[in-house]
Structures are given as structure tokens and as C-alpha cells.
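If you want the building blocks of each chain, they are given just below.
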Protein chains: 2
Amino acid sequence: MEMGCDEKVGVMKRGFLWMKSLVEKLVEIGSKTKALGKDDPRRVIHALKLGFTLTIVSLFYYYKPLYDNFGVSAMWAVMTVVVVFEFSVGATLGKGLNRAVATLLAGGLGVGTHHLAALSGHVGQPIITSIFVFLIACTLTFMRFFPSIKAKYDYGMMISILTFSMVSISGLQDDEVFLLLEKRVSTIFLGVCVCVVISISVFPFWAGEDLHNRIALNIENLALFFEGYGSEYFKTSQDREANKDEKLIQAYKSVLKSSGIEDTLYNFARWEPGHGCFQFRHPWKQYLKIGALTHQCAFRIDALHRNLSSSNFQVSQEIRREIQESCMEMSIESGKALRQLVSSIREMTQPTQAEIHTHNSKAAAKKLKASLRSSRLWEHCDPLTLIPAATIGSLLIDVVDCTEKIAEAVQELASLAHFNSAKPGVVSLEKSEAVIQIEKEKVQPNIGISFVTIPISTG
Amino acid sequence: MEMGCDEKVGVMKRGFLWMKSLVEKLVEIGSKTKALGKDDPRRVIHALKLGFTLTIVSLFYYYKPLYDNFGVSAMWAVMTVVVVFEFSVGATLGKGLNRAVATLLAGGLGVGTHHLAALSGHVGQPIITSIFVFLIACTLTFMRFFPSIKAKYDYGMMISILTFSMVSISGLQDDEVFLLLEKRVSTIFLGVCVCVVISISVFPFWAGEDLHNRIALNIENLALFFEGYGSEYFKTSQDREANKDEKLIQAYKSVLKSSGIEDTLYNFARWEPGHGCFQFRHPWKQYLKIGALTHQCAFRIDALHRNLSSSNFQVSQEIRREIQESCMEMSIESGKALRQLVSSIREMTQPTQAEIHTHNSKAAAKKLKASLRSSRLWEHCDPLTLIPAATIGSLLIDVVDCTEKIAEAVQELASLAHFNSAKPGVVSLEKSEAVIQIEKEKVQPNIGISFVTIPISTG
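Here the structure is a predicted model, which means the values were calculated and not measured. (Residues numbered from 1 in each chain as written. Chains lettered and ligands numbered in written order. Predicted model: local features only at pLDDT ≥ 70, side-chain atom pairs only at ≥ 80, totals over all residues. Heavy atoms only, no water.)

1. What about the relation of the copies chain A and chain B?
Superposition of the two copies of the chain requires a rotation about an axis together with a shift along that axis.
For step 1, the next point in the chain: The operation relating chain A to chain B is a screw motion whose rotation component is 180°, with 0.0 Å of axial translation and a residual RMSD of 0.1 Å. On this basis, the relationship between the two copies can be described by a two-fold rotation axis. For chain A, the minimum C-alpha distance to the rotation axis belongs to Thr391(A) and amounts to 2.4 Å.
For step 2, the next point in the chain: Mapped onto chain B, 100% of the interface residues of chain A are again interface residues, and the two copies thus contact each other with one and the same surface. (Least-squares fit on C-alpha atoms with pLDDT ≥ 70 in both. Contact = heavy atoms within 4.5 Å.)

Here it is, written out as C-alpha cells:
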């Protein structure tokens with residue numbers, strides 16, 4: 001049956017449409033790929049590194065002399081590379097060490113089991129082997145549920161079960177178990193070594209460095225909010241740039257999203273040797289503490305933001321004037337304190353300046369409380385319009401309180417990790433003046449609003 | 001040299017102390033193990049299941065006839081069990097399918113590459129193979145960074161690289177690549193099948209069911225807070241039972257902690273076939289939405305709690321009396337609404353009752369606002385003591401707003417998953433009455449406080 005002219009045109013049309021949608025799909029995938037690579041070019045480098053390592057290890061298979069030495073077992077080296085080679089040095093090291101040590105230990109146990117089972121003759125051997133495999137598999141599987149083991153040795157546990165059952169079961173058909181184990185262990189060691197060496201020597205990506213930068217970035221995002229917040233919210237609605245407002249929200253929301261990543265990075269960083277500015281026993285755990293505080297702070301900012309953007313925030317001009325100054329001072333000083341912490345983390349110096357700013361911001365908080373209490377305000381204004389202002393004030397004080405905790409945690413990090421002291425100069429002069437003020441306050445905790453007079457020129 | 005008597009005693013003492021600390025350590029591990037098993041007995045069952053499956057699969061190796069068929073490749077089946085057998089059915093299915101399909105596809109590609117490379121003679125073959133391995137490894141490694149691929153096919157991508165390089169590299173020394181692939185594919189299929197069958201038939205643990213229960217539990221924990229909150233906070237400080245207070249905090253804090261787990265369970269649940277009350281395409285994604293809302297609500301409760309427990313909350317008896325009723329009503333009604341949602345999720349019925357309670361709680365919120373605005377209060381009280389009360393009121397309204405969103409999301413789930421309608425009877429009669437009220441309000445949105453008169457007898 002031949003197709004009519006119309007049918008032919010129809011088929012061609014459909015074919016053309018199909019091709020067009022295919023091309024569109026391909027273009028979309030292409031642009032997504034490009035964006036993914038552009039977003040973090042290390043992804044491209046990692047892919048190239050893995051391809052390179054795999055090609056090197058496959059050399060064992062290509063050339064007769066090497067192949068004669070390892071035989072089919074050379075395949076274990078190839079497998080090891082694919083399984084062990086991870087993005088960061090810490091992850092690669094952790095998985096590699098887990099794999100190598102687990103193979104060695106469980107393999108030894110497997111050989112022992114094989115010899116034990118062989119004593120009981122041809123009928124008893126499979127039964128004894130089965131019982132051992134069952135018991136070891138059950139025990140190790142259950143052990144994987146322990147949180148401390150899960151965090152660091154989960155992969156090692158799995159490889160232990162694998163190697164143990166492989167070696168002891170192999171013994172049933174092949175008496176050269178020891179040779180099998182030896183080949184497996186040596187090829188896996190080789191694979192792990194190549195992975196670790198290339199991971200460390202060719203464009204190394206350190207999980208610890210990532211964690212360090214991420215924490216600094218999170219604090220910077222919070223600082224961004226504080227810096228923009230005052231000027232944005234004390235404009236009238238018409239003045240506000242929706243664009244800038246959106247940016248501020250994005251800044252603190254990005255902190256909220258990054259929650260689980262820090263735990264993962266911490267687990268990897270613990271495996272890493274000293275590198276760059278970080279020594280072997282760098283206090284990585286402190287980063288988790290700072291991270292948790294930044295999340296808490298971001299959530300409080302979220303509460304504040306919701307209250308500010310809700311229609312409740314219809315504050316009269318008079319109240320606005322009254323609280324504007326101290327609110328802005330609080331947020332600007334908190335922003336400055338956080339900025340100082342960021343640069344202190346980035347340059348790994350002591351955050352001496354941050355204390356002054358948190359102090360100023362606390363002083364401004366006191367001033368805000370006092371303004372809200374001033375009888376002048378309560379006599380002249382409609383009390384109802386004061387409620388939202390009071391709520392916002394109280395939330396802002398809550399947030400500022402949290403930035404103070406972050407500052408303390410960073411201070412603790414600086415002393416744990418022996419950060420350098422800040423450069424001497426004008427800064428330290430100003431500092432000493434402010435520190436005296438702070439000392440004074442420690443003696444007289446209820447000295448009140450007078451502190452607002454500290455000159456704010458340390459930014 | 002012989003030891004003196006004192007030295008002998010010293011050595012024995014040290015030995016004894018060492019033994020003692022070892023026994024103590026063992027007892028500690030034992031009690032931890034017991035606690036872990038008691039906390040979730042499914043862990044023990046999972047360990048036994050894995051041991052059982054591994055023993056079954058190792059039968060391929062034990063008996064000559066089966067061994068003659070598969071040979072050394074039977075080891076792949078053992079490996080597959082160890083790697084694929086996961087806690088939940090969904091995780092096992094996901095990993096199993098990934099492994100089987102990836103082995104088949106990448107293996108086919110590997111055989112193709114082997115034949116292509118073989119065309120270029122003995123010198124060209126390793127070069128061509130290397131280039132292909134490098135390119136495929138780089139491409140697939142980079143693809144693993146795509147979030148959509150990472151969530152569902154990460155393991156498949158790794159197995160693809162593994163199988164492809166294994167098959168194509170093996171071709172260099174052994175021309176029976178096809179046979180190798182056939183054995184690998186068949187043993188892996190076999191391993192995956194055994195895993196999936198045992199995972200589903202012997203005490204199956206469904207990730208979907210877990211997700212369902214966890215969401216219900218989270219909402220219940222929030223409900224617990226609301227139910228206890230009013231009675232706890234409106235007591236004077238001396239009355240409070242520290243114990244009960246601690247329980248309330250634990251309840252909502254446990255919601256905050258469970259954040260990442262739901263995403264993991266969702267990724268597994270997507271692989272699961274229909275089971276129990278859940279059909280194949282159960283709207284699992286909606287659970288994530290509800291989960292996110294419960295976290296948000298828990299964070300708002302945290303803000304509320306911090307304000308309540310801080311020293312700011314020194315409200316005079318008069319204000320306390322004034323706001324107590326509406327605050328308690330809000331929290332009790334919100335608690336009831338959440339309870340209804342919990343039982344609606346657990347029994348998979350329509351949450352018809354919840355709407356009434358959220359409505360009542362909204363009405364109480366209006367009443368609270370009105371109380372705070374009442375001129376009587378402002379004339380008689382010191383305005384300063386009103387600020388904390390106003391803040392708490394505004395935060396409570398914020399929280400109640402969030403419970404309403406949870407109710408909407410559960411409603412949506414109920415209609416997406418076709419939950420049964422609730423049993424008819426007295427309940428539905430009361431409902432219709434309240435629904436009429438709600439309808440009325442939709443027509444006259446600013447009707448005000450009059451709604452507080454709805455009889456609250458639907459609990």
C-alpha cells in the first residue's frame with residue numbers, strides 16, 4: 001500500500017516536529033550542563049580527574065608484564081577507583097582507608113574461618129561456613145546502626161561483610177583462598193593509593209576548606225541582611241526596591257537551606273591531613289556549632305521578616321521616627337560585627353573588632369527599649385499602633401542576641417585553632433578604648449543607655 | 001631477673017584494673033546495643049534478614065551443580081546481596097533496579113566498544129579503549145552532579161562506569177567479553193531478585209509507611225505542645241512542673257531534629273510498589289510539603305517558647321486574666337485541630353473536624369487582638385507590662401496561622417490520596433452547623449469577634 005501525498009506530508013510534519021522537540025530538549029540539557037559546570041567548575045575538574053585515574057589504573061590490564069603479575073584480579077583495582085574516588089580529599093581518604101583496612105581485617109578473618117571449617121570435612125564445611133557467614137553478617141549489619149559507626153565506618157562495615165563472605169565462601173570450591181585474598185588486598189591497596197595520591201596532588205578539593213568557606217559565607221549572608229534591613233524597612237513602601245528586598249530574603253534563606261551539608265563536610269574533613277592553613281587536628285567540630293547558631297539566627301530573621309512584611313507593620317510616622325535610630329543602629333552594628341567575624345574567619349585572625357560592634361548593638365537595643373518606654377511616646381500615640389513596633393523591637397533584640405552568640409562561638413574557634421592576632425595600629429588603639437568601656441559595664445551591669453555615646457568609628 | 005613481691009602485686013593490680021575497665025566497657029557496649037535494638041526492633045530483624053539472604057545466595061557456591069553453571073561469577077551474586085540489601089523495601093528496590101539496569105546497559109555499551117576497538121588492531125585497541133573509558137567515565141561522573149539524577153540514579157551511574165570499564169578493559173586480555181558480561185548480568189539479576197523478594201516477603205519495612213507515620217508523629221508532637229502550653233504558661237512560676245515543661249520542649253524539638261530524614265524516606269518511597277493502604281502512585285511529595293510546614297511551625301513555637309521563658313514575660317495579674325482565656329482557647333483549639341489531622345492521617349480519612357477547630361482558634365485569635373485593644377486594659381495597666389503580652393500574642397497568632405496551613409496541606413493530601421470520608425453521625429451534624437458559620441464568614445470577612453460564640457463542643 002502506498003501512502004497518499006497528504007499522508008506523506010503528515011508523516012514528514014510529525015517527523016519534523018519530533019526532531020524539533022528533540023533538538024529543543026538537547027539545547028535545554030546543554031544549557032543545564034553549562035550552568036552546572038559554571039556554578040562550580042570543580043565539578044568538571046573532578047570528572048576529568050576520575051577519568052584520568054581510571055585510565056592510569058587500567059594500564060595494569062593493558063600491558064602483559066603487569067597483567068601477568070596481577071591477572072584477572074587487576075579488575076579489583078579498577079573497581080576500587082570507581083567506588084573510592086570521591087569529590088573531596090577527605091571523602092576519598094575516608095572511603096579508601098575504610099575499604100583497605102576492612103578488606104585486610106575481614107579477609108584475614110575469612111581465611112581463618114575457611115581453615116576452621118576445612119577441619120570438619122567435606123560435609124561439615126559448608127554448614128560451618130554458612131553459620132559463620134550468617135553470624136558475622138548479622139553482627140556487622142546491626143553494628144552499622146550505631147550512630148558513631150555509621151558516621152565514620154559505614155562503608156568499612158559493608159566491605160567487611162563483602163570480603164568476609166567472599167573469602168570464606170570461595171574456600172569451598174577453591175583451596176587457594178590465601179592467594180585470592182592476597183591478590184584482592186594488594187590490588188585494592190594499589191587502587192586506593194592511586195586514588196589518594198591523585199586526589200591530593202592534582203587540584204585537591206579539601207572538605208575542610210569547603211566547610212570553612214561555607215561557614216564564612218553563611219555569616220556573610222546574615223551580615224547582608226542586617227546591612228540592608230534598616231535602610232529597606234524604614235523607607236515608605238513606595239521607596240522600596242522590590243529587587244533589593246528580594247536579595248535580602250535570598251541571603252538569609254540560603255543559610256536556611258544549607259543545613260545538612262555542613263554535617264557531611266564535617267564527616268569528610270575529619271579524615272583529612274593538615275593542608276594549607278589547617279592543621280591535622282583543626283577544631284572542625286566548632287564549625288558545626290557556629291553553623292547551628294547561624295541557622296538559628298536565620299530562623300529568627302525569618303520570624304522578624306514575616307512580622308515586618310505583614311500588614312501589621314503600619315506604624316505611624318511618629319513612632320517610626322522614635323524607634324528608627326536605635327533599630328537602624330542595632331542592625332548596622334550587628335551587621336558590622338558579623339562582617340568582622342567573616343573577615344576574621346577568612347583571614348584566620350582574632351576577631352577583636354567584633355566585640356565592640358556587638359557591644360554597640362546591645363547598647364542600641366537598650367536605647368530601643370528605653371524609647372519604647374518613654375512616656376512621651378505613650379502619651380502622644382495611639383497605644384494600638386505601638387503593639388507591632390514593640391513586637392518588632394522584641395524580635396530584633398532576639399536576633400541581636402543570637403549574633404552575639406555567633407561572635408562568642410567564633411571567638412572560641414579562634415582560640416581553639418590559634419588564629420593569629422589582628423594587625424596592630426589605629427584599630428587596636430580604638431579597641432582598647434572600647435574594651436575599657438566593656439570592662440566598665442561588666443562591673444556595673446545596669447548602667448543603661450549612657451553607652452550609646454561610644455563613638456562608632458571602628459567600621 | 002625475678003620480680004620482687006611488691007612488683008608482682010603491682011603487675012597483678014594493674015592487670016586486674018585493666019580487666020575491670022575492659023569488662024565495664026563491654027557492659028557499656030552491651031547496654032548500648034540493647035538500647036539500640038529496643039529503640040527500633042526492626043534493626044535486629046533487618047540484620048537477621050540480611051544474614052539469611054546472604055546464606056541463601058551463597059548456596060550457589062556450595063553445591064557443585066549450581067557452581068558448575070555460574071563458576072566464579074557466582075561471587076557477583078553474593079556481592080550484590082551485600083551492596084543492595086537495604087533497610088526499607090524502597091531503598092532495596094531502588095538500588096537493585098539501578099544496579100541491574102546499569103549493568104545491562106553499560107555492559108552492552110562495553111561490548112560494543114570492545115568490538116569497535118578490536119577493529120583497530122593490537123596497537124590501536126588499548127588506545128581506543130582508553131579514550132572511550134576516559135570519555136564515558138568523565139561524562140557519567142559529571143552527570144552525577146545533576147540534582148535530579150543524584151536523587152534517583154546516583155548508584156546506577158557509578159555501576160555504569162564500573163561495568164563499562166570492566167567489560168571494555170577485560171576485552172583487551174580476554175576475547176570472551178560477551179560471556180563475562182552474560183555471567184555478570186545473570187548473577188547480578190539473580191542477586192537483586194533474591195534481595196527484592198526477601199525484602200518484600202519477610203517482614204517488609206516500607207519507607208512510605210515510615211514517612212506516613214513520621215509525618216503523623218511530627219504533627220502529634222506539635223499538638224502535644226499546644227495541649228500543654230496554655231495550662232503550663234498561665235500557671236505562676238512556682239506551680240510549674242519542670243518535668244512536664246521539659247516534655248513539651250522535647251516534643252517540638254524532636255520535630256526540628258527530624259528535618260533531613262523525610263527527604264531520604266521520600267526518595268525511597270518513590271521506588272515502592274503499592275502496599276497496604278498506599279497505592280503505587282501515592283502522593284508522597286505532599287508529605288514533604290506537610291513536613292516542611294511542621295518544621296516551620298516548630299521553629300515558630302521555638303520563638304514563642306523563648307519569649308515565654310525569658311524574663312520579659314512578667315505580666316501583671318490583670319493582663320494575665322484578660323488574655324488568658326483567649327490564649328488558652330487558641331492553643332487548645334489548635335491542639336485539637338492538629339489531633340484531628342493526626343487521626344485523619346493515621347486512619348486515612350478526610351480531616352473534616354479540623355476545619356472547625358482551626359476556625360475556632362482563629363476566632364479566639366481575633367478575641368485576643370480585641371482584648372489587647374480594649375481601652376479598659378490600656379487605661380488601667382502600666383503600658384510597659386503590655387509589651388511582652390502583645391509580643392506573645394502576636395507570636396501565638398503567627399503559630400496558629402501555621403497550623404492552619406498544615407491543615408490545608410493535609411486536606412490536600414486527603415483529596416490527592418482519596419482518603420475515605422469520615423463516619424457519619426453526630427459529628428457531621430455539628431460540622432454542618434459550623435460549616436455554615438464558616439461560609440458566612442467568607443461572605444463577610446470582617447465580621448469580627450462575634451464568632452467566638454460558636455459552641456466549642458466538637459472535641
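Resuming the write-up.
2. Some details on the domain arrangement of chain A
Residues and elements named next belong to chain A.
For step 1, the next point in the chain: The domain boundaries assigned to chain A delineate domain 1 (43–201) and domain 2 (207–421 + 430–443).
For step 2, the next point in the chain: Contact with domain 1, which involves 11 residues of that partner, is made by 7 residues of domain 2.
For step 3, the next point in the chain: A buried area of about 800 Å², summed over both sides, lies between domain 1 and domain 2, and 72% of it is on carbon and sulfur atoms.
For step 4, the next point in the chain: Per-residue buried area on domain 1 facing domain 2 is highest for Gly-90, Ala-151 and Lys-152; these three make up 45% of the total on that side.
For step 5, the next point in the chain: Across the domain 1-domain 2 interface, the total number found is 0 salt bridges.
For step 6, the next point in the chain: Counting the contacts that link domain 1 with domain 2 gives 1 residue pair in polar contact (both at pLDDT 80 or more).
For step 7, the next point in the chain: Those elements giving two or more residues to the side of domain 1 that touches domain 2 turn out to be α6 (89–118) and α8 (147–170).
For step 8, the next point in the chain: Per element, the largest residue contribution to the side of domain 1 that touches domain 2 is 7 residues, and it comes from α6.
For step 9, the next point in the chain: In terms of residue class, the side of domain 1 that touches domain 2 is made up of 6 nonpolar, 4 polar and 1 charged. (Domains from an automatic or database assignment. Buried area = accessible area lost by both parts, 1.4 Å probe. Salt bridge = Lys/Arg side-chain N within 4 Å of Asp/Glu carboxyl O. Polar contact = N/O pair within 3.5 Å; in protein donor to acceptor, adjacent residues only side chain to side chain. Helix = DSSP H or I, 4+ residues; strand = E, 2+ residues; numbered from the N terminus. Nonpolar A, V, L, I, M, F, W, Y, C, P; charged D, E, K, R; others polar.)

3. Some points on helix α2 (residues 42–57) of chain A
Three or four residues apart is the spacing at which side chains of an α-helix point the same way, because the helix has 3.6 residues per turn.
For step 1, the next point in the chain: Look at α2(A): 22 Å from first C-alpha to last across 16 residues, which is about the 22 Å you get at 1.5 Å a residue.
For step 2, the next point in the chain: Against the buried residues of α2(A) lie α1 (5–39), α3 (59–62), α5 (74–84) and α9 (177–201) of chain A together with α6 (121–143) and α7 (147–170) of chain B. (Expected span 1.5 Å × (residues − 1).)

4. A look at the interface of chain A and chain B
For step 1, the next point in the chain: The partner chain B presents 62 residues to the 62 residues of chain A that form the contact.
For step 2, the next point in the chain: Buried surface at the junction of chain A and chain B, summed over both partners, amounts to about 6100 Å²; 78% is from carbon and sulfur atoms.
For step 3, the next point in the chain: For the interface between chain A and chain B, the tally reads 0 salt bridges.
For step 4, the next point in the chain: Inspection of the chain A/chain B interface yields 0 residue pairs in polar contact (both at pLDDT 80 or more).

5. Some words on the packing of aromatic side chains
For step 1, the next point in the chain: The tally for this structure, following the rule as stated, stands at 19 aromatic pairs over all chains.
For step 2, the next point in the chain: Summarising the aromatic geometry, the rings of Phe278(B) and Trp284(B) are spaced 5.2 Å apart at their centres and angled 45° between planes, so their arrangement reads as tilted. No difference in accessibility class separates Phe278(B) from Trp284(B), as the two residues are buried.
For step 3, the next point in the chain: Among the aromatic side chains, those forming a connected cluster through ring pairs are Phe87(A), Phe205(A), Phe142(B), Phe145(B) and Phe146(B).
For step 4, the next point in the chain: One Lys or Arg, Lys49(B), reaches over the ring of Phe205(B) and ends 4.6 Å from the middle of that ring.
For step 5, the next point in the chain: Taking the ring centre of Trp271(B) as reference, the NZ or CZ of Lys152(B) above it sits at 5.0 Å. (Phe/Tyr/Trp six-rings, centres within 6.5 Å; stacked < 30°, edge-to-face > 60°. Buried < 20%, exposed > 50% of the residue type's maximum accessible area, 1.4 Å probe, protein only. Lys NZ or Arg CZ within 6 Å of the ring centre and 35° of its normal.)

6. Regarding the packing of helix α7 (residues 121–143) of chain A against α8(A)
All names here are of chain A.
For step 1, the next point in the chain: Packing of α7 against α8 leaves a shortest axis separation of 9 Å and a crossing angle of 170°. As summarised for this structure, α7 and α8 are arranged roughly antiparallel, according to the angle between their axes. In contact with Thr-129, Phe-132, Val-133, Ile-136, Ala-137, Leu-140, Thr-141 and Met-143 of α7, α8 contributes Ile-149, Met-157, Ser-160, Ile-161, Phe-164, Ser-165, Ser-168 and Ile-169. (Axes fitted to C-alpha atoms, helices over the stretch in contact; angles between N-to-C directions. Parallel < 35°, antiparallel > 145°, perpendicular 65-115°, else oblique.)

7. Remarks on the state of the cysteines
All names here are of chain A.
For step 1, the next point in the chain: Here the structure, examined in full by the defined rule, presents 0 disulfides over all chains.
For step 2, the next point in the chain: Cysteine Cys-195 shares no disulfide, and the gap to the nearest cysteine sulfur, in Cys-193, comes to 9.3 Å.
For step 3, the next point in the chain: With a relative accessible area of 0%, Cys-195 lands in the buried category. (Disulfide = S-S within 2.5 Å.)

8. Quick notes on α8(A)
For step 1, the next point in the chain: In this model α8(A) runs 32 Å from its N-terminal to its C-terminal C-alpha over 24 residues, within 8% of the 34 Å that 1.5 Å per residue would give.
For step 2, the next point in the chain: With 18 of 24 residues buried, α8(A) is to be regarded as a mostly interior element.

9. Some details on the side chain of Arg99(A)
All names here are of chain A.
For step 1, the next point in the chain: Its location among the elements puts Arg-99 in helix α6.
For step 2, the next point in the chain: Here Arg-99 occupies a buried position and makes no salt bridge, while the nearest side chain of opposite charge, Glu-86, is found at 10 Å.
For step 3, the next point in the chain: Of note is the side chain of Arg-99, whose polar atom sits 2.9 Å from the side chain of Tyr-155.
For step 4, the next point in the chain: Each residue touching Arg-99, except ones within four places of it in the same chain, is listed here: Met-79, Thr-80, Val-83, Val-84, Tyr-155, Ile-159 and Ile-188. (Lys, Arg positive; Asp, Glu negative; His and termini not counted.)

10. Points about the nonpolar core
For step 1, the next point in the chain: Counting 120 residues, the largest nonpolar core has Ile219(A), Leu304(A), Ile406(A), Ile219(B), Leu304(B) and Ile406(B) as its most contacted members.
For step 2, the next point in the chain: In contact with Ile406(B), not counting residues within four places along its chain, are Ile219(B), Leu222(B), Ile290(B), Leu293(B), Thr294(B), Cys297(B), Leu338(B) and Leu341(B).
For step 3, the next point in the chain: Within the second largest apolar cluster, 101 residues are counted, among which are Tyr155(A), Ala106(B), Ile198(B) and Trp271(B). (Core = buried A, V, L, I, M, F, W, Y, C linked by side-chain atoms within 4.5 Å.)

11. Examining the pattern of salt bridges
For step 1, the next point in the chain: What the rule picks out here adds up to 30 salt bridges over all chains.
For step 2, the next point in the chain: With its nearest N and O atoms 3.0 Å apart, the salt bridge here joins Asp154(B) to Arg144(B). Of this pair, Asp154(B) sits in helix α7 while Arg144(B) is found in the loop between α6 and α7, placing the two residues 10 residues apart along the sequence. Each member of the pair, Asp154(B) as well as Arg144(B), is classed as buried.
For step 3, the next point in the chain: Here the salt bridges share partners, and the residues they tie into one network are Glu220(A), Glu227(A), Arg339(A) and Arg346(A).

12. Observations regarding the environment of Arg346(B)
All names here are of chain B.
For step 1, the next point in the chain: Within the secondary structure, Arg-346 is located in helix α13 (residues 317–347).
For step 2, the next point in the chain: Sequence-wise, Arg-346 and Leu-140 are 206 residues apart; in three dimensions their C-alpha atoms are separated by 42 Å.
For step 3, the next point in the chain: With sequence-adjacent residues up to four places away left out, Arg-346 is seen in contact with His-212, Ala-216, Leu-217 and Glu-220.
For step 4, the next point in the chain: Looking at Arg-346, its side chain comes within polar contact range of the side chain of Glu-220, at 3.0 Å.

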